[in-house]
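Structure assessment
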Amino acid sequence: MFNIKSILFSAFALLSMSFSAYADNSYGLKSNIQDGVILHCFDWKLSDIKAALPEIAKAGFTAVQTSPLQRDVNTSTTWYDAYRPYDFKFIASSALGSEDDLKSLCAEADKYGIKIVVDVVFNHVDGSSSNRTAYHDSWWNGGYYLRWNGDVNYGNRYSITHNQMGGGNGYPDVNSENSDVQARAKAYIEELKSCGVDGIRFDAAKHSGLPSEGCNFWPTVTSVSGLWYYGEILDGTGGNDNTLFPEYQKYISITDNGYGNSFASSFSSGQVNSSIGNFNQRGAAT
């Protein structure tokens, strides 16, 4: 069981003043995930998140985000092992928990008005160029579902959406343009929704293409209704942000570390102006 009192103290102090103004429920939590604050429960067991829900609610967090649940990681593995999926489905893990643990967490979180967001990895699966049929479910070896195109060139948008992440041998890139792959991804979203999940965070979202690039991945996977979606766009899209940001926003909310970094730096330096952290300058909606 994590002792999170010291971790949450600052957030509690900042948020407690807003309770009276935003009394959506007894804890003052927002009904819409994007209007509130997400606590990233990175590498926490699902059962430990459940046990901490009273403290999380009192601290004013609207939602919690879990680590990816697509691999049988164990307590001795490093954090990034969870980001090397075995498949696009829930896989029980000795480190994070079972599907029943997720259902139990979601049911308990509902009592506090807390939303559950699950981190999902759809850009790649685990594998090695020296053994291309290993480390992932055998389904992935049955069709043109994986691409072994070498390392990503982050200065080239096509490479970002078609090449391998991970350096060296890299992890095989998922063929996001393939309709079977899209259906498998959508089925996992439906599986998570059936467990009671409220939102999805897409890891490495910029590595999956858009309809303007000949890829129907995002319209397909986000067609599961009743969920909140957001995705990681790290260091920009690698293309024209002014056109690609708004297109991503048709399907998901987006985050960009460049936005956060410049925003935080402006406060620490005391030099805040209208251009700092302004997504609108790159075509993104507020």
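Just above sits the structure.
Below, the structure is looked at part by part. (Residues numbered from 1 in each chain as written. Predicted model: local features only at pLDDT ≥ 70, side-chain atom pairs only at ≥ 80, totals over all residues. Heavy atoms only, no water.)

1. Description of helix H8 (residues 257–269)
Between its first and last C-alpha, H8 extends 18 Å over 13 residues, near the 18 Å set by a 1.5 Å rise per residue. Following H8 by one or two positions, glycine 270 has its phi on the positive side, about 75 degrees. (Helix = DSSP H or I, 4+ residues; strand = E, 2+ residues; numbered from the N terminus. Expected span 1.5 Å × (residues − 1).)

2. Some points on the pattern of salt bridges
Applying the stated rule across the entire model yields 14 salt bridges. Its salt-bridge partner being lysine 89, residue aspartate 87 comes within 3.7 Å of it at the nearest N-O pair. Overall, the relative accessible area of 34% leaves lysine 89 in the partly exposed class. (Salt bridge = Lys/Arg side-chain N within 4 Å of Asp/Glu carboxyl O. Buried < 20%, exposed > 50% of the residue type's maximum accessible area, 1.4 Å probe, protein only.)

3. Some points on the packing of aromatic side chains
Counted under the stated rule, the structure contains 17 aromatic pairs. A centroid spacing of 4.5 Å and a plane angle of 50 degrees characterise the contact between phenylalanine 88 and phenylalanine 122, whose relative ring orientation is tilted. Placement of phenylalanine 88 in the loop between strand E2 (63–66) and helix H3 (99–112) and of phenylalanine 122 in the loop between strand E3 (115–121) and strand E4 (146–147) is noted, with a sequence separation of 34 residues between them. Residues phenylalanine 88 and phenylalanine 122 agree in their burial class; the two are buried. Aromatic side chains phenylalanine 122 and phenylalanine 217 sit 6.0 Å apart centroid to centroid with 85 degrees between the ring planes, which places their arrangement in the edge-to-face category. Highlighted residues: phenylalanine 122 in the loop between E3 and E4 and phenylalanine 217 in helix H6 (residues 217–221), separated in sequence by 95 residues. (Phe/Tyr/Trp six-rings, centres within 6.5 Å; stacked < 30°, edge-to-face > 60°.)

4. What to know about the environment of glycine 36
Mapped onto the elements, glycine 36 comes out in the loop between helix H1 (5–15) and strand E1 (38–40). Overall, the relative accessible area of 26% leaves glycine 36 in the partly exposed class. Between the C-alpha atom of glycine 36 and that of phenylalanine 61, which follows or precedes it by 25 residues, the distance is 6.8 Å. Excluding residues that lie within four positions of it along the chain, glycine 36 makes contacts with Lys30 and Thr62. (Contact = heavy atoms within 4.5 Å.)

5. Notes on helix H7 (residues 241–248)
When we look at burial in H7, the residues that qualify are Asp241, Leu244, Phe245, Glu247 and Tyr248. Looking straight down H7, one finds that the buried residues subtend no more than 165 degrees of arc, so they occupy a single side. The inward-facing, buried residues of H7 abut helix H4 (157–162), H6 and strand E8 (253–255). For H7, the N-terminal cap is asparagine 240; the gap from its side-chain oxygen to the backbone nitrogen of asparagine 242 is 3.0 Å. (Arc of directions from axis to C-beta. Polar contact = N/O pair within 3.5 Å; in protein donor to acceptor, adjacent residues only side chain to side chain.)

6. A few points about unusual backbone geometry
The bulk of non-glycine residues show a negative phi, and the bulk of peptide bonds are trans. The backbone of alanine 204 sits at a positive phi, close to 50 degrees, despite the residue not being glycine. Mapping alanine 204 onto the fold places it in the loop between strand E6 (199–203) and H6. Classification of alanine 204 by relative accessible area gives buried; the value is 6%. We note that aspartate 235 has phi near 60 degrees; this positive angle belongs to a residue other than glycine. As for its placement among the helices and strands, aspartate 235 is situated in the loop between strand E7 (228–232) and H7.

7. Some remarks on the layout of surface pockets
The computed volume of the second largest pocket comes to approximately 390 Å³. Grouping the amino acids of the lining of the second largest pocket by side-chain chemistry returns nine nonpolar, four polar and six charged. (1 Å grid on protein atoms, 1.4 Å probe; cavity = no way out; pocket = protein on both sides within 12 Å on 5 of 7 lines; lining within 4 Å. Points joined across faces, edges and corners; volume = space filled by probe spheres on them. Nonpolar A, V, L, I, M, F, W, Y, C, P; charged D, E, K, R; others polar.)

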